[in-house]
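Commentary on secondary and tertiary structure
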Amino acid sequence: MSPRTKKQFDDIRKQSRQKILDAALVVFATDSYHASSVSKLAKEAGVSKGLLYNYFTSKEDVLHSLLKEVGTKFIRKFEIPADGHYTDEQFELFIDVSFDIIQEDPLHSKLFFSLAMQPDVMTIMLATMLERVAPYMVLLEDYFKRKGFPEPQHTMRYFSAALDGVQMHLLLDPSFPFEHSKHMLKKQFSSP
């Protein structure tokens, strides 16, 4: 048998690291971040604690990496217009993509929402994610300002909360009328 190539070793490392992150999402969401341990993460991933520490320095490091990975996966699906302004079509696409993310991967979305609701994770999550979502917050605020909403920043925050709420209901109830909800969000937020 030939020795492994550098690419094979890199692939094995990526797969092991991903197994740990996938296990962490499950453990943090079901047992809570605070109640989980490195031992539990390693066991769920099917790796030794030593191997886990080969990739991550601590449980908090695993959480930071997990939040960055999931955030990148979700954010990557949204486009930033070259001119820095959403058109009506781009705004509607933003809503559509927000729903598509939930439908494409309901398990990870549900676990992510569950993780996000934990108070000890919320602070870490906000610090990790805020930089990534800030450009979209600016785009949405600008969109609402150009549409004539009297308080565009408040409208952006209300829109985000409404979108989060509808997404959560979709995760909890697969029969939730998401097409109607998409239509209502588009209608409500396309003009003041």
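Describing the overall build of the chain
Of the regular secondary structure elements, the chain holds nine helices and zero strands. Listing every helix and strand of the chain by position from the N terminus yields α-α-α-α-α-α-α-α-α. Expressed along its principal axes, the backbone C-alpha trace of the chain runs to roughly 65 × 35 × 30 Å. Buried positions account for 40% of the 192 residues belonging to the chain. Counted over contacts in the chain with a minimum sequence separation of 6, partners at least 24 positions apart contribute 69%. Summed over all atoms, the accessible surface of the chain reaches about 11200 Å², with 57% contributed by carbon and sulfur. Across the chain, the mean location of the 24 positive side-chain charges is 8 Å away from that of the 25 negative side-chain charges.

Regarding the packing of aromatic side chains
Across all of its chains, the model carries 15 aromatic pairs by this definition. Measuring from ring centre to ring centre gives 5.7 Å for Tyr143 and Phe144, while their planes differ by 70°; the resulting arrangement is edge-to-face. According to the relative accessible area criterion, Tyr143 is buried, its value standing at 1%. In textbook terms, an aromatic cluster arises when at least three aromatic residues are bridged by ring pairs, as seen for Phe78, Tyr86, Phe91, Phe94, Tyr136, Tyr143, Phe144, Phe149, Tyr158, Phe159 and Phe189. Taking NZ or CZ as reference, Lys59 lies 4.5 Å from the ring centre of Tyr33, over its face.

What about the confidence of the model for the chain?
Mean pLDDT for the chain: 88, with 99% of residues reaching 70 or above. The secondary-structure element of the chain with the lowest mean pLDDT is helix α6 (residues 106-116), recorded at 79, while helix α2 (residues 38-45) shows the highest, at 94.

Section: helix α5 (residues 88-104)
Between its first and last C-alpha, α5 extends 24 Å over 17 residues, near the 24 Å set by a 1.5 Å rise per residue. Of all the residues in α5, the buried ones are Phe91, Phe94, Ile95, Asp96, Val97, Ser98, Phe99, Ile101 and Ile102. Packed against the buried residues of α5 are α4 (59-75), α6, α7 (119-147), α8 (152-172) and α9 (178-189).

A look at the pattern of salt bridges
The final tally for this structure, using the stated rule, is nine salt bridges. A salt bridge links Asp31 to Lys40; its shortest N-O distance comes to 2.9 Å. Judged by relative accessible area, Asp31 falls into the partly exposed class, the value being 29%. Lys40 gets classed as partly exposed once you look at its relative accessible area, which sits at 38%. As a salt-bridge pair, Arg146 and Asp142 come within 2.9 Å of each other at their nearest N and O atoms. You can see Arg146 and its partner Asp142 sitting in helix α7, four residues apart, about one turn around the helix. Residue classification places Arg146 among the partly exposed residues on the basis of a relative accessible area of 43%.

A closer look at the nonpolar core
In terms of nonpolar packing, the biggest core is built from 58 residues, with Phe28, Phe144 and Phe159 touching the most fellow members. By residue number, the principal contributor to this core is α7, which donates nine residues. Excluding anything up to four places from it in sequence, Phe144 contacts Phe91, Phe149, Pro152, Thr155, Met156, Phe159 and Phe189.

What about a nonpolar patch on the surface?
On the surface, a nonpolar cluster with roughly 280 Å² of combined accessible area is contributed by Met117, Met122 and Leu126. With respect to the helices, strands and loops of the structure, Leu126 is situated in helix α7.

Looking at α4
The end-to-end C-alpha separation of α4 is 24 Å, in line with the 24 Å expected for 17 residues at 1.5 Å each. Turning to α4, its buried residues are Lys59, Val62, Leu63, Ser65, Leu66, Leu67, Val70, Gly71, Phe74 and Ile75. Where α4 is buried, its residues touch α1 (6-31), α2, α3 (49-55), α5, α6 and α7.

Rules of the game
Residues numbered from 1 in each chain as written. Predicted model: local features only at pLDDT ≥ 70, side-chain atom pairs only at ≥ 80, totals over all residues. Heavy atoms only, no water. Helix = DSSP H or I, 4+ residues; strand = E, 2+ residues; numbered from the N terminus. Buried < 20%, exposed > 50% of the residue type's maximum accessible area, 1.4 Å probe, protein only. Contact = heavy atoms within 4.5 Å. Areas by Shrake-Rupley, 256 points an atom, 1.4 Å probe, with all protein chains shown as cover. Lys, Arg positive; Asp, Glu negative; His and termini not counted. Charge placed at Lys NZ, Arg CZ, Asp CG, Glu CD. Phe/Tyr/Trp six-rings, centres within 6.5 Å; stacked < 30°, edge-to-face > 60°. Lys NZ or Arg CZ within 6 Å of the ring centre and 35° of its normal. pLDDT = per-residue confidence, 0-100. Expected span 1.5 Å × (residues − 1). Salt bridge = Lys/Arg side-chain N within 4 Å of Asp/Glu carboxyl O. Core = buried A, V, L, I, M, F, W, Y, C linked by side-chain atoms within 4.5 Å. Patch = residues over 30% accessible without salt bridge, like charges linked within 9 Å, V, L, I, M, F, W, Y side chains within 5 Å.

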